[in-house]
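Structure assessment
This is what each chain is made of:
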Amino acid sequence: MVFKYRLEILSILAVLGFCALFLYTSSIMTDAEFAGSDTLGSTQIAEMTGKAEEEFQPLIWQWAPPSGEIESGLFALQAAIGGILVGWVFGYWKGQKKREPVK
Amino acid sequence: MHIMEGFLPLYWAVIWWIIALPSLIFGIYQLKKILEADREALPLLGVTGGFIFILSSLKLPSVTGSCSHPTGTGLSAICFGPWITSVICAIVLLFQSLFLAHGGLSVLGANIVSMGIVGPLAGYIVYRALRDTRLNMYLVVFLACALADLFTYFTTSLELALAYPAEVGGIASSFVLFMGIFAVTQVPLAIVEGVVLALVFKYIVQLKPDILLRLKVFPEEKIRAARSEA
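Definitions and limits used
- Residues numbered from 1 in each chain as written.
- Chains lettered and ligands numbered in written order.
- Predicted model: local features only at pLDDT ≥ 70, side-chain atom pairs only at ≥ 80, totals over all residues.
- Helix = DSSP H or I, 4+ residues; strand = E, 2+ residues; numbered from the N terminus.
- Rg over C-alpha atoms; globule rule 2.2 N^0.38 Å.
- Buried ≥ 20, exposed ≤ 12 C-beta atoms within 10 Å, placed from the backbone.
- Contact = placed C-beta atoms within 7 Å.
- Pairing = 2+ DSSP bridges.
- pLDDT = per-residue confidence, 0-100.
- Expected span 1.5 Å × (residues − 1).
- Bend = angle between axes of the 7 residues up to and from the residue.
- Core = buried A, V, L, I, M, F, W, Y, C linked by C-beta atoms within 7 Å.
- Domains from an automatic or database assignment.
- Axes fitted to C-alpha atoms, helices over the stretch in contact; angles between N-to-C directions.
- Left-handed = near helix turned anticlockwise from the far one by under 90°.
- Nonpolar A, V, L, I, M, F, W, Y, C, P; charged D, E, K, R; others polar.

Now for the overall build of chain B. When helices and strands are tallied, chain B shows nine helices and two strands. Reading chain B from its N terminus to its C terminus gives the helix and strand order α-α-β-β-α-α-α-α-α-α-α. A compact globule built from 230 residues would reach a C-alpha radius of gyration of about 17 Å, and chain B, at 18 Å, matches this within 12%. Considered along the principal axes of its C-alpha atoms, chain B spans approximately 60 × 35 × 30 Å. Burial status across chain B gives 59% buried among its 230 residues. In chain B, the proportion of contacts linking residues at least 24 apart, taken out of those at least 6 apart, comes to 71%.

Here it is, written out as C-alpha cells:
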C-alpha cells in the first residue's frame, strides 16, 4: 500500500516541508517583507544604474490594477481558469474510462 | 518572477522579441498539426496548460524572505515539446501583462524567452536524455519539471545581467547578483513543483495512457509497468 501511494506521500511531505521552511525563515528573518522577487530585481537595477525606480517608465502604456485587492482577485481568476480546465479534462477522461471497460 | 515593464532598454526588448517570435510561430504550426492528427490531444493540452495557469498565479514565499512563483511548464514540455509550451506561456504572460501589470508588452518577448522557451527547452532536453534509460519515469518527470522552473529564472537573471552589466566585473558579476535574487528563491519552489507535477503525471498515466503512447511521451513498457504497480 505504501508503495502504491509513494508519490502522494512524497507530495504531501514536500508541501509540508515547504511550509515548515517558510515558518522557520519567517521566524528568524523578522525583517523579511516577502516582496516579489521581481520587485527586488527592479530595486537592484535602480541601485546599479543610479536611477530612481520611478524613472523606469513603461515603454508601452499599461493598465495596472488600482489596488492589491483587485490584483489578488485577478490572480484568483487566473488560477480558477486553470483549475476549471484541469478538473474538466480529468472528469472527461474518467467518464471515458467508465464507458469503455478495461481492455 | 518576470521582468517588469520599463526595466529593459528598448533594444534589448526588441532583441528578445525577435528571438521569441520564430518559436511562437513554429509552436502554433506544430500545435495545429498535432490537433489535426489527433483530437484527443486537446484534453491533454488542457491539463498541461491548466497547470501553467494555476502554478504561475501562485506566489509563494521562499527562504530568501521574498516571494516568487513556480512556472508549471515542465509537464507541457514533456508532452508537447518546448515550442507548443511557448505558445501557452505567451497566453498566460499576455494575461498577466494586460490585467495584472506583471511583466508588460515590451518585455513580453524577454519573458516568453525565459519562461516559454529556455525553461521548457532545458526540461525537454533533460527528459529526452533520460527517457529511454532505466531511470524511474516519475523521477524523469520530476527532474524535467524542476529544471524547467530553475532555468526560467537563470534566463531571467541572464537577460537582466546582459542589459545591466555591473561597473566592476561586467555581465558575469551582475549575473551572480541577479541569480541571488531570482534563482536562489526559486530552488525550494522548483523542488515542490517537480514533485507535484510528477504526481499529476501519475494520474494522467492512470487515466489516459493511450494518449501518452500515441504522442510517444514514454516507451510503452515503461507506461505499462507504471500502471501495473499502481
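Continuing now.
Our focus in this paragraph is the overall build of chain A. Each helix and strand in chain A was counted, giving three helices and one strand. In chain A, the order of α-helices and β-strands from amino to carboxyl end is α-β-α-α. Over its C-alpha atoms chain A spans a radius of gyration of 22 Å, topping by over 25% the 13 Å that the globule rule assigns to 103 residues. Expressed as a percentage of the 103 residues in chain A, the buried residues total 13%.

Here we come to the interface of chain A and chain B. Note on interface size: it is often stated as the accessible area lost on association of the parts. At the junction of the two partners, chain A supplies 51 residues and chain B supplies 56 residues. Within the residue set of the side of chain A that touches chain B, elements represented by two or more residues are helix H1 (6–28), strand E1 (35–36), helix H2 (37–49) and helix H3 (68–99) of chain A. With two bridges connecting them, E1 of chain A and strand E2 (residues 66–68) of chain B associate as parallel partners. Looking at the pairing, alanine 35 of chain A lines up with serine 66 of chain B of E2 of chain B.

Spatially, the three strands line up as an open sheet ordered E1(A)-E2(B)-E1(B), and their pairing is mixed. Here the strands that pair on one side only, and so sit at the sheet edges, are E1 of chain A together with strand E1 (60–61) of chain B. Pairing analysis gives two bridges linking E1 of chain B to E2 of chain B, with the strands arranged antiparallel. Considered in E2 of chain B, the bridge of proline 61 of chain B is made with cysteine 67 of chain B.

For the rest of this paragraph, the subject is the confidence of the model for chain B. Confidence along chain B averages 91 in pLDDT terms, with 99% of residues attaining 70 or more. Taken together, the chains of this predicted complex give a pTM of 0.90 and an interface ipTM of 0.86.

Turning our attention to helix H7 (residues 170–207) of chain B. Between its terminal C-alpha atoms H7 of chain B stretches 51 Å, which fits the 56 Å expected from 38 residues at 1.5 Å a residue. The largest bend along H7 of chain B reaches roughly 45° and is located at methionine 179 of chain B.

Attention now goes to the confidence of the model for chain A. Considering every residue of chain A, the mean pLDDT works out to 85; 95% of them sit at 70 or more. Of all helices and strands in chain A, the one with the weakest mean pLDDT is E1 of chain A (82), whereas H3 of chain A scores best (91).

Residues and elements named next belong to chain B. Of note in the backbone geometry, alanine 101 takes a positive phi value of approximately 55° without being a glycine. As for its position among the elements, alanine 101 is in the loop between helix H4 (82–99) and helix H5 (108–130). The backbone of lysine 216 shows a phi angle near 55°, a positive value even though the residue is not glycine. By the secondary structure assignment, lysine 216 is in the loop between helix H8 (209–214) and helix H9 (220–229). Judged by the 9 C-beta atoms lying within 10 Å of it, lysine 216 is exposed.

Here we take up the environment of glycine 87 of chain A. Looking at where glycine 87 of chain A falls in the secondary structure, it is placed in helix H3. As a C-alpha pair, glycine 87 of chain A and tyrosine 5 of chain A span 82 residues in sequence and 21 Å in three-dimensional space.

Further remarks concern the nonpolar core. In a soluble, globular protein the nonpolar side chains are often hidden away together inside. In this structure, Ile112, Val141, Ala144, Cys145, Leu197, Ala198 and Phe201 of chain B are the most contacted members of the largest nonpolar core, which totals 85 residues. The two domains that each donate at least three residues to this core are domain 1 (1–58) and domain 2 (63–103) of chain A. Once you skip the residues sitting within four places of it in the chain, leucine 197 of chain B turns out to touch Phe51, Gly74, Leu75, Val141 and Cys145 of chain B.

Here the focus is the packing of helix H2 (residues 41–55) of chain B against H4 of chain B. Residues and elements named next belong to chain B. Two elements in contact, H2 and H4, have axes separated by 10 Å at closest approach and are oriented at 35°. Of the two possible hands of crossing, H2 and H4 adopt the one that is right-handed. For the pair H2 and H4, the contacting residues are Gly49, Ile52 and Phe53 in the first and Ile88, Cys89 and Val92 in the second. Of the residues contributing to the contact of H2 with H4, the split by class is five nonpolar, one polar and no charged.

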